[in-house]
Amino acid sequence: GAVVSQHPSWVICKSGTSVKIECRSLDFQATTMFWYRQFPKQSLMLMATSNEGSKATYEQGVEKDKFLINHASLTLSTLTVTSAHPEDSSFYICSAPRGGELFFGEGSRLTVL
Amino acid sequence: AQTVTQSQPEMSVQEAETVTLSCTYDTSESDYYLFWYKQPPSRQMILVIRQEAYKQQNATENRFSVNFQKAAKSFSLKISDSQLGDAAMYFCAYRRSRTSGSRLTFGEGTQLTVNP
């Protein structure tokens, strides 16, 4: 099946710094990718839709300037958490559609100290 | 807006027994997909089964089957012969259309425990 890879799996950063998370579709091209956020024992909440060649579409309540999304190519989307604060600590998951199905990355756990 | 509701935050089942996880959804669309995803402790999302709304036949994947009631907007997952490896968080999800770019809306999840 299709493979989506995220990097890094774990990241710890200091408050005020920025962190970039990469999402790659390894064996297929994706013009669209989705970024989700998941708190412990909760569901996945869609943050934004990443669109190759155009601006990302953010869900209501998601700060565009805080969570920068760049869909650099047909196989890569990045999420940058800018000026991270402890409340940004969470599990971030990306996904990409292919053949009517969504394939998920392994997720990235962000801890902001 | 579409919503997905899972009314069972936690469920437990004895190994080798059968368990059913409930899911209801709300939509005004006629063409959509429904999914069940499994999220084990590794946090990797794994597709368990999917159902196309236009198909009347319930989807089945080995020990996993669904009971899709379109009029009632219900989509339950039955796990037969439960195994220890089935223990995970299960999410019901909805996608609006066959267009692959459509996003998924997830339910709140059901934590399944399998007792040996």
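Quick caveat: nothing in here was measured; it's all calculated off a predicted structure.

**A short note on the overall build of chain A**
When its secondary structure is counted, chain A shows 0 helices and 11 strands. When its helices and strands are written in sequence order, chain A yields β-β-β-β-β-β-β-β-β-β-β. Taken against the 2.2 N^0.38 rule, which gives 13 Å for 113 residues, the C-alpha radius of gyration of chain A at 13 Å falls within 12% of a compact globule. Projected onto its principal axes, the C-alpha positions of chain A cover 40 × 25 × 20 Å. For chain A, the exposed surface amounts to about 5400 Å²; the carbon and sulfur share of it is 51%.

**Some thoughts on the pairing of strand 8 (residues 64-69) of chain B**
Residue and element names in this part refer to chain B. Looking at chain direction, strand 7 (residues 60-61) and strand 8 are connected through 2 bridges and run antiparallel. Directly across from Glu61, in strand 8, lies its bridge partner Phe64. Between strand 7 and strand 8, which pair antiparallel and follow one another directly, the connecting turn spans 2 residues, one of which, Asn62, has a positive phi of 55 degrees. As paired strands, strand 8 and strand 9 (residues 74-79) are joined by 6 bridges and run antiparallel to one another. For Gln69, the partnering residue across the bridge sits in strand 9 and is Ser74. Between strand 8 and strand 9, which follow one another and run antiparallel, lie 4 residues, and Lys73 among them has a positive phi close to 55 degrees.

**Concerning the interface of chain A and chain B**
Taken residue by residue, the interface counts 21 residues in chain A and 19 residues in chain B. Summed over both sides, the interface between chain A and chain B buries roughly 1700 Å², with carbon and sulfur atoms accounting for 52% of that surface. In terms of surface lost to chain B, no three residues of chain A exceed Ser43, Gly100 and Phe104 of chain A, which account for 28% of the buried area on that side. The interface formed by chain A and chain B holds 1 salt bridge in total. Glu59 of chain A is the salt-bridge partner of Arg103 of chain B, the closest N and O atoms lying 2.5 Å from each other. Those elements giving two or more residues to the side of chain A that touches chain B turn out to be strand 4 (32-38), strand 5 (44-51), strand 9 (90-98) and strand 10 (101-104) of chain A. With 4 residues, the top contributor of residues to the side of chain A that touches chain B is strand 4 of chain A.

Parameters and conventions
- Residues numbered from 1 in each chain as written.
- Chains lettered and ligands numbered in written order.
- Predicted model: local features only at pLDDT ≥ 70, side-chain atom pairs only at ≥ 80, totals over all residues.
- Heavy atoms only, no water.
- Helix = DSSP H or I, 4+ residues; strand = E, 2+ residues; numbered from the N terminus.
- Rg over C-alpha atoms; globule rule 2.2 N^0.38 Å.
- Areas by Shrake-Rupley, 256 points an atom, 1.4 Å probe, with all protein chains shown as cover.
- Pairing = 2+ DSSP bridges.
- Contact = heavy atoms within 4.5 Å.
- Buried area = accessible area lost by both parts, 1.4 Å probe.
- Salt bridge = Lys/Arg side-chain N within 4 Å of Asp/Glu carboxyl O.

Remember, this is a structural readout, not a statement about activity or role.
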